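Summary of the model geometry
Residue-level listing of the chains:
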Amino acid sequence: MMIDGLTMAGVFLALVVVTLFLGVKTVPQGSKHVVQRLGKYHRTLGPGLNVIFPYIDSVAYKVTTKDIVLDIPSQEVITLDNAVIIANAVAYINIVSPEKAVYGVEDYSLAIQNLVQTSLRSIVGEMSLDEALSNRDQIKAKLKGAISDDISDWGITLKTVEIQDINPSQTMQMAMEEQAAAERQRRATVTRADGEKAAAILEAEGRLEASRRDAEAKVVLAQASQSAIEKVTSAIQGNELPVMYLLGDKYVESIKEMSQGENAKIVLLPGDIPAAVRGIMGGLGK
């Protein structure tokens, strides 16, 4: 009988320990526990020591109240001008109503990820390539406004969403590089053509100025020659000897210049040397 009494006491003590274990719950800071009673939502336990009805109540879900970082995978997005870009994002959320998060959607992380990707495709699809690459803040603002109301029904607050990367696809990058190279080549060609045009204009202006100067020089020389001839004519007054002397001097200078040219080996002589000598001597005799 004593043994049976000890056994019953041990069983009772074990039952008490189990009951206390099931009825007393400690919730750590930064978490909340969702309690179900007979399979139905009953209440949400906050951080600290909590007591529930054992055997009837049970903790069905343990939800963190800390900010959650959701990494949104990269995806291809088509812009308004049919350019393909690769974009990904990161969302920061906080669960304010754990019961809505666990009962309102099967997997809130997957749901928010798909919602961000769908909204991102829609927003970028209304922008051109240049706008999408240069307006991250605008995309961020539109994306936050698009999904905040939807996830609030699940008891979740969107703290912020950031666009991590938004870059043209590899094929698009190659096309842009080829386009940029072609544009640089075009500019170089235009610059070279403008330079050649300017050089040609300067050269033509130089030739024109040189021709003008040559013409002016010829006029001046002609006027000087005319003045010299007039002075010589006035000075000789019918005397042929000075004229013969001047002609001979010009003749000697011409022969000298010809001897210094490319045909310096050619010797030029008068066609009739004796007649030339007689003419010179006859002139001297007079």
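Up top is the structure these notes are about.
This text gives an overview of the structure that appears in the document. (Residues numbered from 1 in each chain as written. Predicted model: local features only at pLDDT ≥ 70, side-chain atom pairs only at ≥ 80, totals over all residues. Heavy atoms only, no water.)

**Looking at the side chain of N88**
The condition is simple: Only runs of H or I of at least four residues qualify as helices and only runs of E of at least two qualify as strands under DSSP, and these elements are numbered from the N terminus. Only protein chains enter the area calculation, which uses a 1.4 Å probe; residues under 20% of their type maximum are buried, those over 50% are exposed, and those in between are partly exposed. For this analysis, a polar contact is any N or O atom pair within 3.5 Å, provided that within protein one partner can donate a hydrogen and the other can accept it, and provided that sequence-adjacent residues contribute only side-chain to side-chain pairs. Residues are treated as being in contact if the distance between any of their heavy atoms lies within 4.5 Å.
Position of N88 among the secondary structure elements: in strand β7 (residues 84-95). In this structure N88 comes out as buried when scored by relative accessible area, which is 10%. A distance of 2.9 Å separates a polar side-chain atom of N88 from the backbone nitrogen of D165. Apart from the residues lying within four places of it in its own chain, the contact partners of N88 are I72, P73, S74, E162, I163, Q164 and D165.

**Some remarks on the packing of aromatic side chains**
Just so we agree on the cut-off: Any two of the Phe, Tyr and Trp rings considered here, Trp counted by its six-membered ring, make a pair once their centres fall within 6.5 Å; the pair's planes then place it as stacked at under 30 degrees, edge-to-face at over 60, or tilted in between.
Tallying each qualifying case throughout the model produces two aromatic pairs. When the centroid spacing of 5.8 Å and the interplanar angle of 70° are considered together, the rings of Y41 and Y103 count as edge-to-face. Of this pair, Y41 sits in strand β3 (residues 40-45) while Y103 is found in helix α2 (residues 98-104), placing the two residues 62 residues apart along the sequence. Ring centres of Y61 and Y103 lie 5.8 Å apart, and the angle between their planes is 90°; on these two criteria the pair is classed as edge-to-face. Here the residue Y61 occupies a position in strand β5 (residues 57-64), and Y103 occupies one in helix α2, the gap between them amounting to 42 residues. Exposure remark for Y61: the relative accessible area of 35% places this residue in the partly exposed category.

**Considering the packing of helix α3 (residues 108-124) against helix α5 (residues 136-152)**
This is how the line gets drawn: Here an axis means a line fitted to C-alpha atoms, over the contact stretch when the element is a helix, while the angle between two N-to-C directions is reported on a 0 to 180 degree scale. Roughly parallel covers angles under 35 degrees, roughly antiparallel covers those over 145, roughly perpendicular covers 65 to 115, and oblique covers all other angles. What makes a crossing left-handed is the near helix being turned counterclockwise from the far one by less than a right angle; a clockwise turn instead makes it right-handed. Side-chain classes follow a simple rule in which Ala, Val, Leu, Ile, Met, Phe, Trp, Tyr, Cys and Pro form the nonpolar group, Asp, Glu, Lys and Arg form the charged group, and the remainder, Gly included, forms the polar group.
Following both chains from N to C, one finds α3 and α5 inclined at 140°, their axes separated by 10 Å at the closest point. Considering their axes alone, α3 and α5 lie oblique with respect to each other. The two elements α3 and α5 cross, and the hand of that crossing is right-handed. Packed against α3, whose contacting residues are I112, L115, V116, S119, L120, I123 and V124, the element α5 presents I139, K142, L143, A146, I147, D150 and I151 at the interface. Residue composition of the contact of α3 with α5, grouped by class: 11 nonpolar, one polar and two charged.

**Brief notes about the nonpolar core**
Applied cut-off: Throughout, nonpolar core names a set of buried Ala, Val, Leu, Ile, Met, Phe, Trp, Tyr and Cys residues whose side chains join them through atoms within 4.5 Å.
In this structure, I93, Y108, I112, I139 and I156 are the most contacted members of the largest nonpolar core, which totals 36 residues. Secondary-structure elements contributing two or more residues to this core are β6 (68-78), β7, α2, α3, α4 (129-134), α5 and β8 (156-168). When residues in this core are grouped by element, the largest group, seven residues, is from α3. Excluding its chain neighbours within four sequence positions, the residues that come into contact with I156 are I93, N94, I95, V96, A101, Y108, I112 and I151.

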